[in-house]
Amino acid sequence: MNNELSAIEKTVLSDYKYGFVTEIEADEAPPGLNEDTIRFISAKKNEPEWMLEWRLKAYKHWLKMEEPTWANIKYDKINYQDIIYYSAPKQKKKVNSLDEIDPELRKTFERLGISLDEQKRLSGVAIDAVIDSVSIGTTFKEQLAELGIIFCSISEAIQEHPELVKKYIGSVVPITDNYFSALNSAVFSDGSFCYIPKGVRCPMELSTYFRINAEGTGQFERTLLIADEGSYVSYLEGCTAPIRDENQLHAAVVELIAMENAEIKYSTVQNWYPGDKDGVGGIYNFVTKRGICQGAHSKISWTQVETGSSITWKYPSVILKGDYSVGEFYSVAVTNNHQQADTGTKMMHLGKNTRSRIVSKGISAGVSNNSYRGLVHVGKNAANARNFSQCDSLLLGDKCGAHTFPYIEVKNNTGVVEHEATTSKIGEDQIFYCNQRGIDTETAVALIINGFAKEVMNQLPMEFAVEAQKLLAISLEGSVG
Amino acid sequence: MLSIKNLHANIDEKKILKGINLEIKPGEVHAIMGPNGSGKSTLASVLAGREHYEVTEGTVEFAGKDLLELSPEERAGEGLFLAFQYPVEIPGLSTTNFIKTAVNEVRKYRGEEALDAVAFLKLMKEKMAMVNIDQSLLSRSLNEGFSGGEKKRNEVFQMAMLQPKLAILDETDSGLDIDAIRIVANGVNKLRNKDNAVLVVTHYQRLLDYIVPDYVHVLYNGRIVKSGPKELAFELEEKGYDFIRDENKVEA
């Protein structure tokens, strides 16, 4: 019976139940990246000239940039000429309503637990469904439009609301920001757009579901969300991909803008294919997410549950420009087998009396590596800024790693910045205690990690909290016991 | 109900139990006493199925089954309960949620339907009154920040909820003052009936003032060297464990 350690060390990949492929003909660009690729994408989307110019500018800038190497992750060099930058499922004709969506695509989303049928849909959630490079449909558009809320794909927004897109795209994450955001700016193919007008409290959760399907493609989506004065919106994104033995690149950009007294709650349940137990395949997830609290008393809250991807490189951040604005970051990142995550946040305190709160929970199993990287910056005019950061790591077994890289820059001496960090292991004592009460080891691990992650899970919208809890348990299935 | 025959067990190659024989029948309370290092807690751990302990010889039959063949959670399902000397803390997991999971897992093992929220709450209310535990304790994270007395009371509450055939109390009195011991013991006494049994493992006699045993066994150097009625506990208290050591030296 003396095998406790080897049992804890044992890692078995759980079944990734979203790993299926939909057989559907796709309309694709040839692999490779050059100006023609960008012109191809822009033409496919029938974009105005200014959008194409913007893309080309980003591309030219990207060519001059170097891929960053500072993150605590290792991977083979990405060959950007091997990637297919545009892949759209071929639909027989133009879709005018949700009823006309190809049944095969509809079935794909049904299998993922996403119904595009408004009647069957959880009331209170509107969905934009994005597969590979295009959005295939958005639910509840008309009901939202009655309140003046615009919720559609970004491609549609470029056509229908060019003034808003032109004004805000790249305003939070400029094309020059970083290597992956520059790439995204050049080749982004779809994503969601949302505008909440003044004083409107969005009555339902808005949600985008991203699905990578085609082989050899990268997904480069762009999300732009604007909450005008005094408005409120809760937004959720989910994502999955088929099991493949290649690494696929996902480089998204999300920009949030909160005006005076507005509040944006942005939640992510990231479940891209993580690769197999030997580290073969999986999504490279290089994502730039940033929000700006533009007006006074505005609030942006990021919540993320990161269980998928073979590599996660992601730092949802908040620029606290408005006085009395509030930024929050709640994160659970799980890594198992050979997964690597380098994730955290930046809180940039610029306005007076701004507050931020960071709660990061890292769970590592197998031979994975999980790093928290965060920056709290208090600018010279940010009088009375407050930050509280808490970074907890939980280790399963002794071959995985947990790392914390907190950076703090304070340029105003009225700022108060607090940081707490803990690292713990799931003890065999805890498991045995549960076993002795009749609870098997798998269930015990699920109870322990959900307890560990509870503070973050509590931030998720009710409809998704239960799913996310199950996901945590599934991601770690077989990692102990 | 429990029949231990010639049980030998090692930890890290070191021999701890060297031939234990013990019979426990329904309705009985047995106490195992002994000095530090005699193997008391090892016996409790081996019965509950803790890893790292290697059984090298002997058999244990529990409720008609070969106990040693069962996993720890199966043993719990069969009705074996261990009140821990050091109950563990699980941050973020509410005590109620933990107990509900335990109760329903044990029910599942026995082929019974899971209790729904209403039935569970009803059972909980009933048992809370029985062992004198407060609702506020149960909504907190499991054992996190509990005092020594609260942790042990929580153990007895879990025992009440799981209604085991055999409860093993491992040094339940350690670290408790006399009032706390009395509360915990009262809880255990209320749970006793003709169909279940209790095995009290303790260093001191004082717990046995409240949980009165039918039999007392003295464990020394991995063996039960003396068994007798409850009065044996008083004799030990009076003379200390030295007299056992001396007696065994003479025999050796």
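Residues numbered from 1 in each chain as written. Chains lettered and ligands numbered in written order. Predicted model: local features only at pLDDT ≥ 70, side-chain atom pairs only at ≥ 80, totals over all residues. Heavy atoms only, no water.

**What to know about the overall build of chain B**
Under the convention used in this document: A run of DSSP states H or I qualifies as a helix once it reaches four residues; a run of E qualifies as a strand once it reaches two. Both are numbered from the N-terminal end. For a compact globule the rule gives 2.2 Å times the number of residues to the power 0.38, and the radius of gyration it is set against comes from C-alpha atoms. For each residue, the accessible area found with a 1.4 Å probe, counting protein chains only, is set against the maximum for its type, and the residue is called buried under 20%, exposed over 50%, and partly exposed in between. Two residues qualify as a contact provided that any one of their heavy atoms is within 4.5 Å of a heavy atom in the partner residue. Residue-level accessible areas treat just the shown protein chains as cover; the underlying method is Shrake-Rupley with a 1.4 Å probe.
Helix and strand counts for chain B come out as nine helices and 12 strands. Taking 18 Å as the expected radius of gyration for a compact globule of 252 residues, we find that chain B reaches 18 Å, a close match to that expectation. For chain B, the C-alpha atoms occupy an extent of roughly 60 × 40 × 35 Å along the three principal directions. Burial analysis of chain B (252 residues in total) assigns 54% to the buried set. Counting only contacts in chain B whose residues sit at least 6 apart along the sequence, the fraction spanning at least 24 positions is 70%. As displayed, chain B offers around 11200 Å² of accessible surface, 48% of which is attributable to carbon and sulfur atoms.

**Things to note about the packing of helix α3 (residues 49–63) of chain A against helix α8 (residues 179–187) of chain A**
Residues and elements named next belong to chain A. Cut-off, in case you're wondering: The axes used here are C-alpha line fits, helices contributing only the stretch in contact, and every angle between their N-to-C directions lies in the interval 0 to 180 degrees. With the far helix as reference, a near helix turned anticlockwise by less than a right angle produces a left-handed crossing, and one turned clockwise produces a right-handed crossing. Gly falls in the polar group here, along with every residue not listed as nonpolar (Ala, Val, Leu, Ile, Met, Phe, Trp, Tyr, Cys, Pro) or charged (Asp, Glu, Lys, Arg).
Remark: α3 packs on α8, axes separated minimally by 7 Å, with the N-to-C direction vectors making an angle of 145°. Along this stretch, α3 crosses α8, giving a crossing that reads as left-handed. Across the interface between the two elements, Trp54, Arg55, Ala58, Tyr59 and Trp62 of α3 pack against Tyr179, Ala182, Leu183, Ser185, Ala186 and Val187 of α8. Looking at the contact of α3 with α8 residue by residue, the classes come out as nine nonpolar, one polar and one charged.

**Considering the interface of chain A and chain B**
Quick note on the threshold: Put simply, buried area is how much 1.4 Å-probe accessible surface two parts lose in total, over both of them, once they are put together. By salt bridge we mean one thing: a side-chain nitrogen of Lys or Arg within 4 Å of a carboxyl oxygen of Asp or Glu. What qualifies as a polar contact is a pair of N or O atoms within 3.5 Å, subject to a donor-acceptor requirement within protein and to the restriction that residues adjacent in sequence count only when both atoms come from side chains.
Taken together, the contacts link 23 residues of chain A with 31 residues of chain B. Together chain A and chain B conceal approximately 2500 Å² of surface at their shared face, both sides included; 59% is due to carbon and sulfur atoms. Of the charged contacts, one joins A:Arg437 and B:Glu155 as a salt bridge, the two residues approaching to 2.6 Å between their closest N and O atoms. Joining chain A to chain B, the criterion identifies 11 residue pairs in polar contact (both at pLDDT 80 or more). Secondary structure elements with two or more residues in the side of chain A that touches chain B: α9 (428–436) and α10 (441–457) of chain A. Tallying contributions element by element places α9(A) first for the side of chain A that touches chain B, with eight residues. Its residues assigned to classes, the side of chain A that touches chain B shows eight nonpolar, nine polar and six charged.

**Re empty space enclosed by the protein**
All names here are of chain A. So the rule is basically this: A pocket, in this scheme, is an open set of points on a 1 Å grid over the protein atoms alone with protein on both sides within 12 Å along at least 5 of 7 lines, while a cavity is a set where a 1.4 Å probe fits but cannot get out; residues line either one if an atom lies within 4 Å of a point. Grid points are joined across faces, edges and corners, and a volume is the space filled by probe spheres set on the points.
A full pass over the atoms with the stated rule returns six cavities of 30 Å³ or more. When its volume is computed, the second largest cavity comes out at roughly 90 Å³. Looking at the lining of the second largest cavity, the elements that each hand over two or more residues are β17 (326–335), β19 (355–364), β20 (369–378), β21 (386–395) and β22 (401–410). Residues of the lining of the second largest cavity, tallied by class, amount to four nonpolar, 10 polar and two charged.

**A word on the UniProt feature "domain: ABC transporter" (unreviewed entry) in chain B**
Here is the rule: UniProt positions are given in the numbering used here, feature names are shortened, and annotations may be inferred rather than shown by experiment.
Mapped onto this numbering, the UniProt entry gives "domain: ABC transporter" (unreviewed entry) at residues 2–246 of chain B. Secondary structure content for residues 2–246 of chain B is 38% helix and 29% strand, while the C-alpha to C-alpha distance between its ends is 31 Å.

**Description of the nonpolar core**
Here is the rule we go by: In this text, buried Ala, Val, Leu, Ile, Met, Phe, Trp, Tyr and Cys residues form a nonpolar core when linked through side-chain atoms within 4.5 Å.
Within the largest apolar cluster, 109 residues are counted, with the highest numbers of intra-cluster contacts made by A:Ile363, B:Ile4, B:Leu47, B:Phe98, B:Phe157, B:Ile168 and B:Val200. Tallying contributions element by element places α10(A) first for this core, with nine residues.

**Things to note about unusual backbone geometry**
Residues and elements named next belong to chain A. If you check the backbone angles, Ser309 has positive phi at about 70° while not being a glycine. Within the secondary structure layout, Ser309 lies in the loop between β14 (299–306) and β15 (311–314). One non-glycine residue, Asn353, lies in positive phi territory at about 55°. Considering the arrangement of structural elements, one finds Asn353 in the loop between β18 (340–349) and β19.

**A short note on the sheet that holds strand β12 (residues 223–228) of chain B**
All names here are of chain B. Just so we agree on the cut-off: At least two DSSP bridges between two strands are required for those strands to pair.
Ordered in space as β6-β9-β10-β3-β11-β12, the six strands form an open sheet in which the pairing is mixed. The open sheet terminates on both sides in strands that have one partner only, identified here as β6 (80–83) and β12. Pairs of neighbouring strands in the sheet enclose a mean axial angle of 20°, with direction left out of account. Pairing of strand β9 (residues 166–170) with strand β10 (residues 197–202), which is carried by five bridges, proceeds in the parallel orientation. Opposite Asp170, over in β10, you have Val201 as the bridge partner. Lying over the sheet, helix α8 (residues 231–239) contacts β3 (29–33), β11 (215–220) and β12, oriented at roughly 40° with respect to β11.

**A closer look at the side chain of A:Lys361**
All names here are of chain A. Mapped onto the fold, Lys361 is located in strand β19. Of the polar contacts made by the side chain of Lys361, one reaches the side chain of Asp392; its length is 2.9 Å. The residues contacting Lys361, other than those within four sequence positions of it, are Ser331, Val332, Ala333, Asp392, Phe452, Ala453, Glu455 and Val456.

**What about the pairing of strand β16 (residues 317–320) of chain A?**
Strand residues, when the strand is regular, have side chains that alternate between the two faces of the sheet. Residue and element names in this part refer to chain A. Every second residue of β16 is oriented toward a common face, with Ser317 and Ile319 on one face and Val318 and Leu320 on the other, all of them buried. With four bridges joining them, strand β13 (residues 282–293) and β16 adopt parallel strand pairing. If you follow Arg290 over to β16, its bridge partner there is Ser317. Alignment of β16 against β18, held across three bridges, turns out to be parallel. The partner of Leu320 across the bridge, within β18, is His349.

**Quick look at the sheet that holds strand β1 (residues 2–11) of chain B**
Residue and element names in this part refer to chain B. If you walk across this open sheet you meet the four strands as β2-β1-β4-β5, and the pairing is antiparallel. Each having just a single partner strand, β2 (14–24) and β5 (65–66) make up the two edges of the open sheet. The pairing of strand β4 (residues 53–62) with β5 spans two bridges and is antiparallel. Bridge pairing in β5 places Phe62 opposite Lys65.

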